[in-house]
Amino acid sequence: KRKHPWLRFYCNYFFDSVTDALKQVKKDFSGKINSLQTNKAQYDPIAVEYRLVENTLAQKYIYDYEVSDFIKKNGRGKRIVVLHAGSGHRARLASENGSGEVVGIDLSHKQIQIAREEEIKHPQGIKYNMLNPYSDEFIDSFPKELIGKIDIVLGFFLLDHAMNKEDLKKVLINIHTLLKPGGLFFGMSDNSEVSLPSDPKYGVVVSLEENPQNMKEGLLRRISIYQNGLEILHFHNFAWKKQTIKTILEKSKFSQIFFREAHVSPQGIEKYGEEFWRNYKEHPD
C-alpha cells in the first residue's frame, strides 16, 4: 500500500478494505497503465506528498523567485488567474506579493481541497475552482463575469502537461479568452533541449522515459523529487520544443512572445554560493 500511490488513494478515500481497493486498481490499470500514469489527474493520489516540492531548493530559489519577481513588477493590484494551481502555493505567492483578486484553478479534486483548507486556515481571499483548462468546456464553466477581464494568467508547468498538440492549442486559446486586451500570460516549462540531466541537490530532476534521439514532440518525461539524495516522489509530464510552443502561441493570437531562462534568486546565491548553482546555470532544466 505504501509503495503504490493509486492503491493508497483508493484506501484513503473510497474503500475500507485493501482487498477491494486492489481489485479497483487492477481493473483501472488493466491494459492501460501508461494512460493512467500520465494523465492530468495523476496528482490526486499524490496530492499530499506533492507539497514536498514546495520545500525543494529549486522551488524556493528559482520557481518562487520568478513568480514573486514577476508579480512585484507586473501584477500589483491586478486580477490574476493561476492555472495548474495545485495546493495553491503560487496563488498564495501572488497574493503575498501585492496582486489583487486571485483565482486558482486545478483539475485535481484533492489538490483543490488542500488549497481550500489552506485558505480557511490562512485567509487571503483566494477562490479555488476545479476545472480542466485543456478542455472545450473550460470557458463555459468559468465564472462568466471574469471572462475577458483577467490581467494576468500564471501557468507554471501548465504547458508541460499537455499530452498532445490539441491540448496545447486548447489551453492557450482558453488563456487568451480569459485575458483582457493587453493581458499577460506568464509560464514556466521544463527545458526540452537540455544536454545533461538535472541535479538531485536542487530537489527536482527531469529525465526522459524514452530514447531522446531524434527528439519527438510530446516525449514522456519523469519528474523526480529528491530529499537528501533520495527520490521520494515522481510524476510525469511531456516535452515540447520551444518552437512548437511559440507557433501555437502565435496561432492562439498572442501578439508578443518572449522566452528566457529562469534565474536563481539573489537569496539562493547568497545562501549557497555561486559554485553550488553552477550546474543549474550551465544546464537550466
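Residues numbered from 1 in each chain as written. Predicted model: local features only at pLDDT ≥ 70, side-chain atom pairs only at ≥ 80, totals over all residues. Heavy atoms only, no water.

**Some points on the nonpolar core**
Then step 1. L154 and W277 are the most contacted members of the largest nonpolar core, which totals 41 residues.
Then step 2. If you tally residues by element for this core, the top one is helix α5 (residues 57-74), at 8 residues.
Then step 3. Ignoring any residue separated from it by four or fewer positions in sequence, one finds L154 in contact with V67, F70, I71, I80, V81, V82, L83, A94 and F186.
Then step 4. Grouped together as the second largest cluster of nonpolar side chains are 30 residues, L83, F138, I175 and I245 included. (Core = buried A, V, L, I, M, F, W, Y, C linked by side-chain atoms within 4.5 Å. Buried < 20%, exposed > 50% of the residue type's maximum accessible area, 1.4 Å probe, protein only. Helix = DSSP H or I, 4+ residues; strand = E, 2+ residues; numbered from the N terminus. Contact = heavy atoms within 4.5 Å.)

**As for the pairing of strand β5 (residues 179-188)**
Then step 1. The pairing of strand β4 (residues 150-156) with β5 spans 6 bridges and is parallel. Looking at the pairing, G155 lines up with G187 of β5.
Then step 2. Handedness of the crossover joining β4 and β5 through helix α9 (residues 165-178): right-handed. (Pairing = 2+ DSSP bridges. Right-handed = clockwise from strand over helix to strand, strands pointing away.)

**Quick notes on the sheet that holds strand β1 (residues 80-83)**
Then step 1. Read across the open sheet, the 5 strands follow the order β3-β2-β1-β4-β5; overall the sheet is parallel. Among the strands making up the open sheet, the edge pair consists of β3 (127-130) and β5. The sheet shows a mean angle of 20 degrees between the axes of neighbouring strands, direction not considered.
Then step 2. Where β1 meets β4, 3 bridges bridge the pair, whose relative direction is parallel. When the bridges of β4 are listed, V82 appears paired with L154.
Then step 3. In this fold helix α6 (residues 89-96) packs onto β1, β2 (102-106), β3 and β4, with an angle of close to 155 degrees to the strand it touches most, β1. (Axes fitted to C-alpha atoms, helices over the stretch in contact; angles between N-to-C directions.)

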